[in-house]
Amino acid sequence: MYRRVNQFLTYIITGWILITIALPAQAQTPATINSVLEGTIVDETTNLPLDGANINIEGTTNQTTTNEKGQFVLRTGQKFPYNIIITFIGYDKKIVLAGGSPVSVRLKPTSNELEDVVVVGYGTQKKTDLTGAVSSVSQTAIRQPLSSIDQALKGASSGVQVTQTSGQPGGGVSIRIRGGSSVQGGNEPLYVIDGFPVYNNSNTTGVTRGASVNPLAGINPSDIDRIDILKDAAATAIYGSRGANGVVIITTKKGSPRKGAISYEGSFGIQNVQKKIDVLNAKEFAVLRNEVLFDSRPAGGQFQYLTQQQIDALGEGTNWQNEAFQQAPMQNHQISVSGGSNNTQYFLSGNYNFQEGILKHTDFSRIAIRANVNAKPISKLTISANITASKADANVAPPGIIGSLLIMPPTATIYEPNGSYTLRNPFENIFANPIAALNETQNKLSTIRFLGTGYAEYEVIKGLKAKVLLGTDVNNDKEKYYIPSTIYEGATTDGQASLGNATTYSWLNENTLTYSKEFGKSSLTALVGFTQQESANERFTAGSQAFVTDDLSYNNLESGSVLIRPTSNTFDWVLHSYLSRVSYSYDGLYYLTASIRRDGSSRFGRNNKWGNFPSLSAAWNISNESFFERLQSAIGDLKFRASFGTTGNLEIGQYQSLATLYTLNYLLGGNIINGFAPQRIANDNLGWEKTYQYNAGLDLGIWHNRLSFSIDAYYKKTTDLLLNVEIPWTTGYASSLQNFGSVENRGLELGLKSKNIAGHFVWNSDFNISFNRNSVTKIGNNAQSYVSGNYIIQVGKPLGTFYGTVTDGILQTGEETEKGKFTGNATPKAGDRLYKDINGDGAFTTAADRAIIGDAQPDFIFGFINTFSWKGFDLSLFLQGTYGNKIINSNRQTLEMFTGQQNASTAALQRWIPQNPSTTMPRAKLDPAPIFSDRFVEDGSFLRVKDITLSYALPASLLDRIRISSVSFYVTGQNLHTFTRYTGFDPEVTSGNNVSPGTDSGIYPLAKSVVAGLRITL
């Protein structure tokens, strides 16, 4: 009723004003009407009508505004064609040539980002007021079909490297903002979702095997309104001990003070593996195995495996990759209701997502609901609630499945003649039938998540606002695993079942006071607050084996006659913080921001519970100086920024500073007794890693901001690294977690946005490129390096540095005496691989003759988005890539062993034989020693066609007849092609490990997909 009365009064007042204006005109000669132009103005992104947009005929005073349906009528003495100018607050001005009636115009939300409001820690700021390095992810990146919100960051912002850790549906990504800084601590950024801080670590109990499912995949990406990335310490220091790796602030959609709208989006797609690895077919493998056996035992003859006649009859054999990979469907459905009044706005949504994997019997599904409500019951009080609940389920690929598919011999079969599974590789190497494991293993994860925040903000006096925020994040993970007795992995145990459950409960309370005041040319904003967050985690596992039947799988553990020892544990942590920030600006010219946060964490030693994290930043908006006026026709905006700050990293797990015990069994009097033994020595001085960061930036807009630049140079150094360092054995322990060592990152970031063409046809571009140099500057106990597998951590070198042997050709006939000592074999033979003598001792040994052979750090990363619009059609092209990084192709190392015990890559066809004395590929032999070398370190550079989307929106004039606000159709292609020299499945791989990134060891490949969708708003 109130709303109707309000609208009625508005119509009366508006009518009175129009009559008042029109009456004097009646005394004049009526104007000649040569044309009547009708039209509709809508939002380009949502296709919702814009109420109150201004339409003016260029060169005249004739103008009008749109009604609540976005419609307008212009009666004019002008004859067609003529230009109309459309303006609306928050949208780009648009000039349209009207050649006739009606017209339909789509306005784009303002692209002058210097006037945008961005979300920062505990508040918002105009970009004109920013003194730190903050970037916003474009809507083109956010609107991609995504299984998790962190995937939207790929190539979307400078300084942010996003690498897939698994292509498993719902799989995780590894994110590095301005490089990795920690060795044993966390390197992932902090996520703040509607005000709630979340660290995206897996909550697994270990029951589900294989790649972990991304915890963020439970949050619906279609609910995301914007993503802002805080990169330098000036922006992240307000998050103190959790800000060292950057902060990703995610804001979900809200309602608007307009009539209610119901929207539906549905999409269906198909996925395929991007490529397959070339391996030997059955005939080629049989020849290889015969050759290996003859080399091992010449007396047995040349056909010890199969005769030539049998080889000729083989054919291609079993193509294990074809048997495992599939064309996989995917679908997504989203329905939302939004709207409200000036006092209350709401956004409600429901989502269903299902994605089958390109590996058979793998998938991911999500059901999610959201309710966001903002209300202003009285003029000084604002209340808001943001609540989401989701259930995500995944069938996870068994561990090692990709590697097994590659090395399983093509002469082996999936099934025996009696229909049962072939259990394993029939030759000397023992590994299981991968198709049997894929078909029969039950490897499931189910997650229920509730994440909600709510706040009340009250304006105590003019300019002073008090805000209290409460939030909770509840995760419950259930893991189920069953290996039946019918496959190799379960045959010896007669079936094995395991169950696990992990529950994490976290709550947050934030209390802040914000004061804002303008006096003269000065503006001041001050923030003070106290926050507290606590988290508790409980886990347990149980299992059994030796089942009477496989039919009940994990649903009846008591039917297994052999119990697997159960486990359970619980841990919690607490973080209390005091924070403050002051921002001052003068006359739109000079800006100064200072902040400090004091954190107290339960994770650290009693002498180091509290830490202080200050920052200071300043900016100078030169373009607003009076002496700059003569340049403003060419340079619209020019601002310098500089900052310094300190942040921390507390991601080390719980109780690391305390002396702890672990359970063990020991023999006493002939009986097995349970007991406890010391596990860790206490360290009362254990503290967080500290990162000091300097940043200098330049923002530049030229030609009325048709071209805008953002350039940042930074230096950050992380000290007091959390490392396990050796301690004297007299303590009773081998090592202790201590604060030792340092790592630095230096870099340059460039963002470029351009409005290439404006008018009927619109073309905009968004390009970013980042250069980062990572280096270890100090490690514990005055050591200069230490080796970890195929990696070395060495002072002066980046994290992720590969350490291995260097190949030096192939030993040829007659060179056995002279060069045989460089093969690493006791009895060298022509065709063996040669290696360089690194230490110059006249012989080759694997341990002594290793060198640095590359690293996983890219020279630069980049992203390039182009968007095109014309008469309702929109086309976006998103390119992404890296250059200069190396990858350890562990799959290739395995496939080039040529043992005849497992399959090999087609490189074996060029192997050394007397008739083909290759200088690059070694001979086949039964028991080669696996040696990691530069042969298996490949260039990981790539340019990927990340996303191409073509959409079409039906004209508003057509939709008015059926009373629908908007209808649009789209087709999206993702990962359609990757330009790379990498020979593996995909160059976008990483282990996600801080010490050993850039290793491709049987990682689930990333899929390419084509998706078609429909959006409707009523």
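What you are looking at is a predicted structure, and each value in this text was computed from that prediction instead of being measured.

Definitions and cut-offs
- The written sequence of each chain sets the order in which its residues are numbered from 1.
- Under the rules for a predicted model, residues below a pLDDT of 70 receive no local features and side-chain atom pairs below 80 are neither given nor counted, while totals for whole chains, interfaces and linings still include all residues.
- Side-chain metrics rest on all non-hydrogen atoms present in the structure, leaving aside hydrogens and water.
- Helix and strand definitions here come from DSSP, where helices need a minimum of 4 consecutive H or I residues and strands a minimum of 2 consecutive E residues; each element is numbered from the N-terminal end.
- A radius of gyration in this sense is built from C-alpha atoms; the matching globule rule multiplies 2.2 Å by the number of residues raised to 0.38.
- The buried label goes to any residue with under 20% of its type's maximum accessible area, the exposed label to any with over 50%, and the partly exposed label to all in between, with areas taken from a 1.4 Å probe on protein chains only.
- Note on contacts: a residue pair qualifies if any of its non-hydrogen atoms lie within 4.5 Å across the two residues.
- A pair of strands is considered paired only if DSSP assigns at least 2 bridges between the two.
- In this description, a line fitted to the C-alpha atoms serves as the axis of each element, helices being fitted only across the stretch in contact, and the angle between N-to-C directions of two axes falls anywhere from 0 to 180 degrees.
- Note on definitions: salt bridges are taken to be side-chain nitrogens of Lys or Arg within 4 Å of carboxyl oxygens of Asp or Glu.
- Polar contact criterion, stated in full: a pair of N or O atoms within 3.5 Å, where within protein one must be able to donate a hydrogen and the other to accept it, and residues adjacent in sequence count only if both atoms are side-chain atoms.
- For a helix, the expected span equals 1.5 Å multiplied by the number of residues minus one.
- The criterion for an aromatic pair is that two Phe, Tyr or Trp rings (for Trp, the six-membered ring) have centres within 6.5 Å, with stacked assigned to planes under 30 degrees apart, edge-to-face to planes over 60 apart and tilted to the rest.
- To count toward a patch, a residue needs a relative accessible area over 30% and no salt bridge; like charges are then connected within 9 Å, while nonpolar side chains (Val, Leu, Ile, Met, Phe, Trp, Tyr) are connected within 5 Å.
- The accessible surface values rely on the Shrake-Rupley method and a 1.4 Å probe; as for residues, cover is taken only from the protein chains in view.
- The pLDDT value tells you how sure the predictor is about a given residue, anywhere from 0 up to 100.

Undergrad: Teacher, can you tell me more about the overall build of the protein here?
TA: Scanning the protein from N- to C-terminus turns up 12 helices and 52 strands. By the compact-globule yardstick of 31 Å for 1018 residues, the protein fits well, its C-alpha radius of gyration being 33 Å. Overall size of the protein, expressed as C-alpha extent along the three principal axes, is 120 × 70 × 65 Å. Sorting the 1018 residues of the protein into buried and exposed places 51% on the buried side. Sequence-distant contacts, at least 24 apart, represent 69% of the contacts inside the protein between residues at least 6 apart.

Undergrad: Explain the sheet that holds strand β3 (residues 63-65) here, please?
TA: Consider a sheet: its strands pair through backbone hydrogen bonds, and that pairing is either parallel or antiparallel. Taken in spatial order, the four strands make up an open sheet running β3-β2-β5-β6, and their pairing is antiparallel. In this open sheet, the two edge strands, each paired with only one partner strand, are β3 and β6 (94-98). Sheet twist, expressed as the average angle between the axes of neighbouring strands with direction ignored, equals 25 degrees. Alignment of strand β2 (residues 54-57) against β3, held across three bridges, turns out to be antiparallel. Counterpart to Asn54 in the pairing with β3 is Thr65.

Undergrad: Sorry if this is basic, but what is going on with the sheet that holds strand β40 (residues 801-804) here?
TA: One open sheet accounts for four strands, arranged β38-β39-β40-β43; its pairing is antiparallel. Two strands lie at the open edges of the sheet, namely β38 (785-788) and β43 (851-855), each paired on one side alone. In this sheet, neighbouring strand axes are inclined to one another by 40 degrees on average, regardless of whether the strands run parallel or antiparallel.

Undergrad: I would appreciate a short explanation of the pairing of strand β33 (residues 707-719) in the present structure.
TA: The two faces of the sheet receive side chains in turn, since in a regular strand these alternate between them. Direction of pairing for strand β32 (residues 689-702) relative to β33: antiparallel, over a ladder of 13 bridges. Pairing of Ile702 across the sheet is with Leu707, part of β33. Between β32 and β33, which pair antiparallel in sequence order, lie four residues; one of them, Trp703, sits at a positive phi of approximately 55 degrees.

Undergrad: Mind showing me how you'd approach the pattern of salt bridges here?
TA: Two side chains bearing opposite charge may form a pair once their charged atoms approach each other closely. Counting across every chain of the model gives 33 salt bridges. Notably, a salt bridge pairs Lys154 with Glu988, separated by 2.7 Å at the nearest N-O pair. Separated by 834 residues along the polypeptide, Lys154 in the loop between α2 (139-142) and β11 (160-164) and Glu988 in the loop between β50 (978-980) and β51 (999-1000) bring together distant segments of the chain. Glu988 carries the same exposure label as Lys154, and that label is buried. With a shortest N-O distance of 3.2 Å, Asp223 and Arg370 are connected by a salt bridge.

Undergrad: Teacher, can you tell me more about the environment of Ile727 here?
TA: As for its placement among the helices and strands, Ile727 is situated in the loop between β34 (722-726) and β35 (735-739). Distance from Ile727 to Tyr505, taken between C-alpha atoms, is 36 Å for residues 222 residues apart in sequence.

Undergrad: What's the story with the side chain of Glu188 in this structure? I'm lost.
TA: Among the structural elements, Glu188 can be located in the loop between β12 (173-177) and β13 (190-193). Not counting the four nearest positions on each side in its chain, Glu188 is found in contact with Val173, Ser174, Ile175, Arg176, Tyr199 and Asn245.

Undergrad: Sorry, what's going on with the side chain of Asp223 here?
TA: Looking at where Asp223 falls in the secondary structure, it is placed in the loop between β14 (196-199) and β15 (224-230). Within the local environment of Asp223, its side chain forms a polar contact with the side chain of Gln334, the two groups lying 3.1 Å apart. A polar contact of 3.2 Å, which involves the side chain of Asp223, links it to the side chain of Arg370.

Undergrad: Looking at this model, I keep getting lost on the environment of Lys797. Mind explaining?
TA: With respect to the secondary-structure elements, Lys797 resides in the loop between β39 (791-794) and β40. Take Lys797: its relative accessible area is 33%, and that puts it in the partly exposed class. Taking C-alpha positions, Lys797 is 53 Å from His760, a pair spaced 37 residues apart along the chain. In contact with Lys797, other than residues within four places in its own chain, are Asn774, Ser775, Val776 and Ile852.

Undergrad: How should helix α4 (residues 282-296) be read in this particular structure?
TA: Along an α-helix, a turn takes 3.6 residues, which lines up residues three or four apart on a common side. When the terminal C-alpha atoms of α4 are compared, their 21 Å separation across 15 residues agrees well with the 21 Å that a helix rising 1.5 Å per residue should span. Those residues of α4 lying buried are Ala282, Phe285, Ala286, Leu288, Arg289, Asn290, Val292 and Leu293. The inward-facing, buried residues of α4 abut α5 (308-312). Measuring from the side-chain oxygen of the N-cap residue of α4 to the backbone nitrogen of Lys283 gives 3.2 Å; that N-cap residue is Asn281.

Undergrad: For this particular structure, what's the right way to read unusual backbone geometry?
TA: Across residues other than glycine, the phi torsion is negative in most instances, and most of the peptide bonds are trans. Omega for the bond connecting Phe80 with Pro81 falls within 30 degrees of zero, at 0 degrees, which places this linkage in the cis form. Note that Pro81 resides in the loop between β4 (71-76) and β5 (82-87). Despite not being glycine, Asp194 shows a phi value in the positive range, around 50 degrees. With respect to the secondary-structure elements, Asp194 resides in the loop between β13 and β14. Its relative accessible area of 13% is what places Asp194 among the buried residues.

Undergrad: It is not clear to me how the packing of aromatic side chains should be interpreted in this structure. Could you clarify?
TA: Two measures describe an aromatic ring pair: the distance that separates the ring centres and the angle between the ring planes. On inspection of all chains with the given rule, the structure shows 24 aromatic pairs. Between Phe604 and Trp688 the ring centres are 4.9 Å apart and the planes differ by 75 degrees, which places this aromatic pair in the edge-to-face class. Note that Phe604 is positioned in the loop between β27 (590-601) and β28 (610-621) and Trp688 in the loop between β31 (671-680) and β32, a separation of 84 residues in sequence. The same class applies to Phe604 and to Trp688, which are both buried.

Undergrad: I keep staring at a nonpolar patch on the surface and nothing clicks. Help me out?
TA: A cluster of nonpolar side chains, Phe519, Tyr584, Tyr586, Tyr590, Leu592, Leu616, Trp620, Phe627 and Phe640, forms an exposed patch at the surface whose accessible area comes to about 850 Å². At the level of secondary structure, the elements contributing two or more residues to the nonpolar patch comprise β26 (560-586), β27 and β28. Looking at where Phe519 falls in the secondary structure, it is placed in strand β24 (residues 496-519).

Undergrad: Explain the pairing of β5 to me, please; I cannot follow it from the model alone.
TA: Bridge analysis of β2 against β5 gives four bridges, and the strand direction is antiparallel. Within the sheet, the bridge partner assigned to Asn56 lies in β5 and is Ile85. One ladder, built from five bridges, connects β5 with β6; its direction is antiparallel. When the bridges of β6 are listed, Tyr82 appears paired with Ala98.

Undergrad: Got a minute to help me understand the confidence of the model for the protein in this structure?
TA: Reading predicted coordinates in detail is not appropriate for stretches of low pLDDT. Taken as a whole, the protein shows an average pLDDT of 88; of its residues, 96% reach a score of 70 or greater. Confidence drops under a pLDDT of 50 for residues 1-30, and excluding neighbours within four residues, the segment shows four contacts in the predicted structure. Scored below 50 in pLDDT, residues 111-115 makes 12 contacts in the model with residues more than four places away or belonging to other chains.

Undergrad: I keep staring at the environment of Ile962 and nothing clicks. Help me out?
TA: Mapped onto the fold, Ile962 is located in the loop between α12 (956-959) and β49 (966-974). On the basis of relative accessible area, Ile962 is assigned to the exposed category, the value being 52%.

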